[in-house]
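# Structural features, examined
Take a look at the letters that make up each chain.
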Amino acid sequence: MAKKQKSIELSDKNISFNILNVEYRVIRFYPSKMTLDVMVHEDGVKQGVRDIPFAHLPKDIKKLIKPN
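Numbers given for residues are sequential positions, taken from 1 along each chain in its written order. In view of the model being predicted, local features appear only for residues whose pLDDT reaches at least 70, and side-chain atom pairs are presented and counted only at 80 or more, with totals across whole chains, interfaces and linings using the full set of residues. By convention in this description, side-chain values take in all heavy atoms of the structure and omit both hydrogens and water.

### Focus on the packing of aromatic side chains
A pair of aromatic rings is counted whenever rings of Phe, Tyr or Trp (Trp by its six-membered ring) have centres within 6.5 Å, and the orientation is called stacked for planes under 30 degrees apart, edge-to-face for over 60 and tilted otherwise. One pass over the full model with this rule turns up two aromatic pairs. The interplanar angle of 50° and the centroid separation of 5.5 Å between the aromatic rings of F29 and F54 together place this pair among those described as tilted. In this pair, F29 is assigned in strand β3 (residues 22-30) and F54 in the loop between β5 (45-53) and α1 (59-65), connecting sequence segments 25 residues apart. Residue class for F29 comes out buried when judged on its relative accessible area of 1%. The buried category is assigned to F54, whose relative accessible area is 9%. Stacked on the ring of Y30, the Lys or Arg K33 has its end atom at 4.8 Å from the ring centre. Secondary structure elements are taken from DSSP: a helix is a run of H or I of four residues or more, a strand is a run of E of two residues or more, and numbering for both begins at the N terminus. When accessible area is computed with a 1.4 Å probe and restricted to protein chains, residues below 20% of their type maximum are described as buried, those above 50% as exposed, and intermediate ones as partly exposed. Distance and angle both matter: a charge sits over a ring if NZ of Lys or CZ of Arg is within 6 Å of the ring centre and within 35 degrees of the ring normal.

### Things to note about the pattern of salt bridges
Salt bridges are defined as contacts in which a side-chain nitrogen from Lys or Arg sits within 4 Å of a carboxyl oxygen from Asp or Glu. One pass over the full model with this rule turns up three salt bridges. When the shortest N-O distance is used, the salt bridge between R28 and E9 registers 3.5 Å. Of this pair, R28 sits in strand β3 while E9 sits in strand β1 (residues 8-9), placing them 19 residues apart in sequence. For E9, a relative accessible area of 41% corresponds to the partly exposed category. The salt bridge partner of R28 is D37, with a shortest N-O separation of 3.0 Å. Among the charged side chains, a salt-bridge network with shared partners connects E9, R28 and D37.

Shown next as structure tokens:
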């Protein structure tokens, strides 16, 4: 049976990106589900934590995280 991989904490790396004028800051990465927890900032106001798929990230951010 495959081992369940733990989450990788990325908040100390300060990785952030913008999609449609909304800023996302990466908190942690879950390799087993290929998802990320991100903090959403809209117009400088925190909107909360959201779970987004790794595939929806911009290419330059994917290179920073490197899931393999």
